[in-house]
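# Residue-level structure breakdown
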Amino acid sequence: MTQTYDLVGIGNAIVDVISHGDDSFLDNMGIQKGIMQLIERERAEILYGAMTDRVQAPGGSVANTVAGAGTLGLRTAFLGKVKADALGKFYADGMTSDGIDFPNPPAEGDVPPTSRSMIFVSPDGERSMNTYLGAGADFDEGDVDASVAGDTRYLFLEGYLYDKDEGKRAFTAAARACHKGGGKTGISLSDPFCVDRHRDDFRRLITEEMDITLGNQEEWLSLYQTDDIDAALSQGAAVCETVVCTRSGDPVILIRNGERVEVPVTRVTPVDATGAGDQFAAGFLYGVATGQTLETAGKMGVAAAAEVIAHVGPRPKRSLRDVFAEHGLI
């Protein structure tokens with residue numbers, strides 16, 4: 001069976017809105033410097049209106065992964081929910097202009113505004129993020145296009161969406177459609193606090209529906225409630241074909257069907273660490289999709305992450321194919 005897509009992602013469709021703001025501006029607006037805050041709709045509208053030099057780009061964790069994989073030549077699509085407002089139309093148009101199919105039409109009617117993360121960059125480079133979850137966080141089973149989820153070689157899910165029951169049902173429906181179509185499924189654990197809130201459901205999903213699970217060390221330790229990363233990964237590998245653990249500057253651990261490898265990471269001071277995990281996933285999934293060894297797939301992930309932290313923004317500034325060529329990976 002030949003599927004239409006190599007990689008389909010499901011996640012929160014968020015517009016990244018970037019502007020500049022010095023310390024005085026941040027203080028006046030009540031913005032805590034250097035952290036990410038979740039905000040409500042009214043606050044989002046106030047901050048959006050205060051951004052005088054804003055630059056907008058389609059974002060969201062798994063959407064960034066799909067975009068990175070697309071620069072490598074994979075056939076991609078992204079399932080996410082936006083409202084039929086100005087930002088929603090911008091998001092849909094931006095994804096398609098990047099060569100990513102976006103099958104979900106912007107939603108009409110009584111739905112929250114399109115999700116947005118307002119990012120204020122200080123003169124010292126600090127990024128202060130204020131995120132309104134909006135329509136994207138309400139993705140549910142009815143938003144899953146089974147004809148797309150069931151027509152891909154790999155389906156990749158965003159753990160952030162697992163915070164709501166609607167998201168849990170959507171993930172199960174999408175994973176089953178993918179498996180029915182002969183594809184494989186994967187998930188990014190996304191956030192240790194999200195894992196804390198839904199530990200049993202995450203474990204059940206990974207055991208019953210996932211073929212690949214990616215997470216950082218904190219997320220894996222939270223998932224299996226241990227302070228021993230080897231013990232956590234052993235439990236994950238017992239129920240999931242492929243497990244991957246990123247560990248900041250320490251070697252990445254990858255386990256697949258009993259094979260274990262560690263891929264070293266060169267420690268550098270990032271210009272902007274945003275998107276490192278997203279692009280690691282892009283490189284790694286490209287390696288898996290093209291039949292590379294586990295070690296090479298891991299090296300591709302590390303190279304992609306290193307590329308994105310060298311500049312501001314969560315998506316590659318240049319094709320990851322060029323990056324991999326420089327590292328002798330293709």
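Residues numbered from 1 in each chain as written. Predicted model: local features only at pLDDT ≥ 70, side-chain atom pairs only at ≥ 80, totals over all residues. Heavy atoms only, no water.

Which entries qualify depends on this criterion: UniProt positions are given in the numbering used here, feature names are shortened, and annotations may be inferred rather than shown by experiment.
The protein has the name Adenosine kinase in an unreviewed UniProt entry, where Gymnodinialimonas ceratoperidinii is given as its organism. Note on the protein: under the UniProt heading Sequence similarities (unreviewed entry), the record states "Belongs to the carbohydrate kinase PfkB family."

## Considerations on the sheet that holds strand 7 (residues 127–132)
To keep it simple, the criterion reads: A strand pair is defined by DSSP finding two or more bridges across the two strands. Runs of H or I in DSSP of at least four residues are treated as helices and runs of E of at least two as strands, each being numbered from the N terminus. To obtain each axis, a line is fitted to C-alpha atoms, and for helices this fit is confined to the stretch in contact; angles are then taken between N-to-C directions over 0 to 180 degrees. In this analysis, two residues are considered to be in contact whenever any of their non-hydrogen atoms come within 4.5 Å of each other.
If you walk across this open sheet you meet the five strands as 3-7-6-2-4, and the pairing is mixed. Edge positions in the sheet fall to strand 3 (36–38) and strand 4 (55–59), since each of these pairs with one other strand and no more. Strand-to-strand twist across the sheet, computed as the mean angle between neighbouring axes with direction ignored, equals 20°. One ladder, built from five bridges, connects strand 2 (residues 14–20) with strand 4; its direction is antiparallel. Residue pairing across strands places valine 15 opposite proline 58, the latter belonging to strand 4. Together, strand 2, strand 4, strand 6 (115–121) and strand 7 form the strand contacts of helix 2 (residues 41–50), whose direction differs from that of strand 6 by roughly 45°. The strands touched by helix 4 (residues 86–97) are strand 2, strand 4 and strand 6; relative to strand 4, the strand with the most contacts, the crossing angle is about 65°.

## Describing the environment of threonine 131
Rules: Burial status follows relative accessibility: with a 1.4 Å probe on protein chains alone, a residue under 20% of its type maximum counts as buried, one over 50% as exposed, and anything between as partly exposed.
In this structure, threonine 131 sits in strand 7. On the basis of relative accessibility, which here comes to 8%, the residue threonine 131 falls in the buried class. With 13 residues separating them along the chain, threonine 131 and methionine 118 place their C-alpha atoms 6.2 Å apart. Contact partners of threonine 131, with chain neighbours within four places excluded, come to Ile14, Met36, Gln37, Leu38, Ile39, Arg116 and Ser117.

## Quick look at unusual backbone geometry
For glutamine 225, which is not a glycine, the phi torsion comes out positive at approximately 50°. Here glutamine 225 shows up in the loop between helix 9 (217–224) and helix 10 (229–239). By relative accessible area, which is 58% here, glutamine 225 ends up exposed. Of note, the phi angle at asparagine 257 is positive, near 50°, even though the residue is not glycine. Take asparagine 257: it is sitting in the loop between strand 12 (250–256) and strand 13 (259–263).

## Side note on the side chain of arginine 116
So the rule is basically this: Charge assignment in this entry is limited to Lys and Arg as positive and Asp and Glu as negative, and neither His nor the chain termini are counted. A pair is scored as a salt bridge if a Lys or Arg side-chain nitrogen falls within 4 Å of a carboxyl oxygen belonging to Asp or Glu. Nitrogen and oxygen atoms within 3.5 Å of one another constitute a polar contact, given that in protein one can donate a hydrogen and the other can accept it, and given that sequence-neighbouring residues count only through two side-chain atoms.
Considering the arrangement of structural elements, one finds arginine 116 in strand 6. Buried charge without a salt bridge: arginine 116, with aspartate 85 as the nearest opposite-charge side chain at an N-O distance of 4.5 Å. Side-chain polar atoms of arginine 116 contact the backbone oxygen of threonine 114, separated by 2.8 Å.

## Overview of the pattern of salt bridges
Scanning the model with the defined rule gives 21 salt bridges in all. Across the pair aspartate 230 and arginine 260 runs a salt bridge, and its minimum N-O distance is 3.2 Å. Here the residue aspartate 230 occupies a position in helix 10, and arginine 260 occupies one in strand 13, the gap between them amounting to 30 residues. Given the relative accessible area of 36%, aspartate 230 is considered partly exposed.

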